[in-house]
Amino acid sequence: MPDVMKTLLLNPPSFENFDGGASSRWPATREIESYWYPVWLTYPAGMIPGSRLLDASPHKVNWQQTIQICKDYEFLILFTSTVGLESDVKLIRKIKEANPGLKIAFVGPTGHIKPDETLNASADIDFVTRGEFDHSVVEYAHGKPLSEIPGVSYRKDGKIVHNAERPQLHTEELDALPFATDIYKRDLQIERYNVPFLLHPYVSFYTTRGCPALCTFCMWPQTISGHAWRTRSTENVAREVKQALGYFPQMKEIFFDDDTFNIRKDHVLDLCAKFKPLKFQWSSTARVHSDYETVKAMADGGARLFIVGFESGDAQILKNIKKGATVEMGRAFMKNCRKAGIKVHGDFIIGLPGETRETIQKTIEFAKELDCETVQVSLAHAMPGTELYDTMAQQGFLKVEALADSGGHQLPHIEYPHLSKSEMMAGVNRFYDEYYFRPKVVWRIVKEALWDSHERKRLYHEATEFLKLRAERLKWVRKGGDFDKPMVPVPGASPASGND
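Once a new chain begins, its residue numbering starts again from 1 and follows that chain's sequence as written. Per-residue local features of the predicted model are confined to residues with pLDDT of at least 70, and side-chain atom pairs are confined, for both listing and counting, to 80 or more; whole-chain, interface and lining totals are unaffected and use all residues. Calculation of side-chain values draws on the structure's entire complement of heavy atoms; hydrogens and water are dropped beforehand.

1. Things to note about the overall build of the chain
Phase 1: In DSSP terms, a helix is any run of H or I states spanning at least four residues, a strand is any run of E spanning at least two, and both are numbered starting from the N terminus. Of the regular secondary structure elements, the chain holds 18 helices and 19 strands.
Phase 2: Split into buried and exposed, the 500 residues of the chain put 59% on the buried side.
Phase 3: Summing over all exposed atoms, the chain offers an accessible surface of approximately 20,000 Å²; the carbon and sulfur share of this is 54%. Relative accessible area decides the class of each residue, using a 1.4 Å probe on protein chains only: under 20% of the type maximum gives buried, over 50% gives exposed, and in between gives partly exposed. We get accessible surface area from the Shrake-Rupley algorithm with a probe of 1.4 Å; when it comes to residues, only the shown protein chains can shield them.

Here you go:
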């Protein structure tokens, strides 16, 4: 084995336009095409000399091209997902046919949650990683035997071996990692990445890892990143910001894609003090806990927009999902953001435990009261590895085990005795209609594009895709929630019977 294996880090083309990737909290093919950056793959890419990061879907690299590219490598690190696993297994079979000596590691939440099932999905997989995999794959690329690498699972003598857990990285180790933006500059085209509510082009990376919140539906803290909140030093983050500004003069904003960017006031204030002299525009995730002093400091430091998971307008549902926030806190936070001049993109979920026809309408009215700049309304999805998945399976509410159809589009798979899948989908449609087809909201969106030709084209494209999706959803509801397309099963899952 050479000193360093020639390594390809792959965010695979599981499906056309699939955003399953190495930062996507909800792996799926988006009806409005959008992509998050493969942040998790950038860190090992920066520590393996001669490596390449290939983010296939946004760069329009198909299966055949991916197979050809893989012929030139000795080690493949593939970021898989529950939705994409079946497709990814088929892909690596073709890759191995073209390059039989290639070593393959699967990284991501799927291997962490179900290492045995993931390994058993294909004999072509040499090992899977559990937890943070930054150094696990780097050590293997540098020739370290699997038996000596913490946090991996692999086959030996016909049995699956699970090595000891790898300790999580903390501030000193996080600061020692390469900058994600170095790899963006080397391997990616930032114009390929689009998220409807962010300015285009944008760049994103993490300032922290982990989230102490206990939301039952959220995948990352319950899988790879964990609940322990760990920070990069504010000096380290500011250096990467300064570097990104130099690397990408065409960049419109930076998005800090932390699980919880604003969880601790003193850290946020320190960070924003370092951002202020850099005079750049940024957006981030946010919880509703910050007071006005913190929100104002973020605005002064360049904050433009927050993505906020309000989830529901019903107090009991928020308790059921262990949100750790109240409806009143959401109202106060929105008021502080409006006062400070920061826009908010609000996320809401239909179909969480405790949902009824009445609570759906209650959440719609709450959203209209908050009047966020934009909203996203999702059907509840119980991702394997989350508390919500375990609860729904135990109570018999996972009526469809599949999470996606054969094109990677998410499917509603939770249903209650008093609330059907089609009723919840109808609630999503009604939510969007009641929210967006208000004159003041239409004007708010259109006026942003009046003086910017790039934004006009983008708005037209997204509006066209949204109306097409709306028509498809209405058709689906009228049919009573029947599926036309083949479905992708959850690997290793038992039938949803309520007896698990």
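2. With respect to the environment of Gln-189
Phase 1: Considering the arrangement of structural elements, one finds Gln-189 in the loop between helix H8 (180–187) and strand S10 (202–205).
Phase 2: Spatially, the C-alpha atom of Gln-189 lies 9.7 Å from that of Pro-201, the residues being 12 residues apart in sequence.

3. Quick look at the sheet that holds strand S7 (residues 127–129)
Pairing between the strands of a sheet is mediated by backbone hydrogen bonds and can be parallel or antiparallel.
Phase 1: In spatial order, the strands read S4-S1-S5-S6-S7-S8-S9; together these seven strands make up an open sheet with mixed pairing. Bordering the open sheet on either side are strand S4 (52–55) and strand S9 (159–162), each of which pairs with just one other strand. Going across the sheet, the axis of each strand differs from the next one's by a mean of 20°, ignoring polarity.
Phase 2: Where strand S8 (residues 152–156) lies against S9, four bridges are found, and the strand directions are antiparallel. Bridge assignment links Lys-156 to a residue of S9, and that residue is Lys-159. By this definition, two strands are paired if DSSP reports at least two bridges between them. Orientation is described by lines fitted to C-alpha atoms, with helices fitted over the stretch in contact, and by angles between N-to-C directions that extend from 0 to 180 degrees.

4. Focus: the sheet that holds strand S15 (residues 303–311)
Phase 1: Taken in spatial order, the six strands make up an open sheet running S10-S13-S14-S15-S16-S17, and their pairing is parallel. The open sheet has two edge strands, S10 and strand S17 (374–379), and neither has a second partner. Looking at each pair of strands side by side, their axes are set apart by 20° on average, direction ignored.
Phase 2: Of the strand pairs in this sheet, strand S14 (residues 282–286) and S15 are connected by five bridges, and their pairing is parallel. Counterpart to Thr-285 in the pairing with S15 is Ile-307.
Phase 3: Here helix H13 (residues 327–340) sits on the sheet in contact with S14, S15 and strand S16 (343–350), set at roughly 170° to S15. Contacts between residues were defined by any pair of non-hydrogen atoms, one from each residue, lying within 4.5 Å.

5. Quick notes on the packing of H8 against helix H9 (residues 234–247)
Phase 1: Relative to each other, H8 and H9 sit at 15°, their axes nearing to 9 Å. Classified by the angle between their axes, H8 and H9 sit roughly parallel to one another. Considering only the axes of H8 and H9, their crossing is left-handed. Judged by residue contacts, Ala-180, Thr-181, Asp-182 and Lys-185 of H8 engage Glu-240, Gln-243, Ala-244 and Tyr-247 from H9.
Phase 2: Classifying every residue of the contact of H8 with H9 by side-chain character gives three nonpolar, two polar and three charged. An angle counts as roughly parallel when it lies under 35 degrees, as roughly antiparallel when it exceeds 145, as roughly perpendicular when it falls between 65 and 115, and as oblique in every other case. The crossing is said to be left-handed when, going from far helix to near helix, the turn is anticlockwise and less than a right angle, and right-handed when the turn is clockwise. Residues are grouped as follows: Ala, Val, Leu, Ile, Met, Phe, Trp, Tyr, Cys and Pro are nonpolar; Asp, Glu, Lys and Arg are charged; all remaining types, including Gly, are polar.

6. Quick word on the pairing of strand S6 (residues 103–107)
Phase 1: Buried residues dominate S6, accounting for four of its five residues.
Phase 2: Relative to S7, S6 runs parallel, the two sharing two bridges. Bridging from a neighbouring strand, Phe-106 pairs with Val-128 of S7.

7. Points about the packing of H13 against helix H14 (residues 357–370)
Phase 1: Relative orientation of the contacting elements H13 and H14 amounts to 25°, with a least axis distance of 10 Å. Taken together, the axes of H13 and H14 lie roughly parallel to each other. Here H13 runs over H14; the crossing is right-handed. Contact residues: H13 offers Val-327, Gly-330, Arg-331, Met-334 and Arg-338, while H14 offers Phe-366, Glu-369 and Leu-370.
Phase 2: Of the residues contributing to the contact of H13 with H14, the split by class is four nonpolar, one polar and three charged.

8. Observations concerning the packing of aromatic side chains
Phase 1: Two rings from Phe, Tyr or Trp (for Trp, the six-membered ring) form a pair when their centres are within 6.5 Å of each other. A pair whose planes differ by under 30 degrees is stacked, one over 60 is edge-to-face, and the rest are tilted. In the structure shown here, the tally under the stated rule is 29 aromatic pairs.
Phase 2: Taking 4.9 Å as the distance between ring centres and 55° as the angle between the ring planes, the aromatic pair formed by Phe-127 and Tyr-140 counts as tilted. Residue Phe-127 is found in strand S7, and its partner Tyr-140 is found in helix H6 (residues 134–141); the two are separated by 13 residues along the sequence. As far as burial versus exposure is concerned, Phe-127 and Tyr-140 are alike and both buried.
Phase 3: Judged by centre distance (5.6 Å) and plane angle (85°), the rings of Phe-205 and Phe-256 are edge-to-face. Remark: Phe-256 occurs in strand S13 (residues 253–256) and Phe-205 occurs in strand S10; sequence separation between them is 51 residues. Of the two residues, Phe-205 and Phe-256, both sit in the buried class.
Phase 4: An aromatic cluster is present here, built from Trp-36, Tyr-37, Tyr-184, Tyr-193, Phe-197, Tyr-202 and Phe-255 joined pairwise through their rings.
Phase 5: Criterion for a charge above a ring: Lys NZ or Arg CZ within 6 Å of the ring centre, and within 35 degrees of the ring normal. For Arg-438, the ring lying beneath its charged end belongs to Tyr-435, and the centroid distance is 4.5 Å.

9. Quick notes on the side chain of Arg-209
Phase 1: Residue placement: Arg-209 occurs in strand S11 (residues 208–209).
Phase 2: Side-chain polar atoms of Arg-209 contact the side chain of Glu-132, separated by 3.4 Å. As used in this structure description, the phrase polar contact means that two N or O atoms lie within 3.5 Å; if the pair is within protein, one of them must be able to donate a hydrogen and the other to accept it, and residues adjacent in sequence are counted only when both atoms belong to side chains.

10. Some remarks on the confidence of the model for the chain
Phase 1: pLDDT measures the predictor's confidence residue by residue and takes values from 0 up to 100. Averaged over the chain, the pLDDT score is 89; the fraction of residues at 70 or greater is 88%.
Phase 2: Below pLDDT 50 for its whole length, residues 485–500 participates in 46 contacts with residues either more than four positions away or in separate chains.

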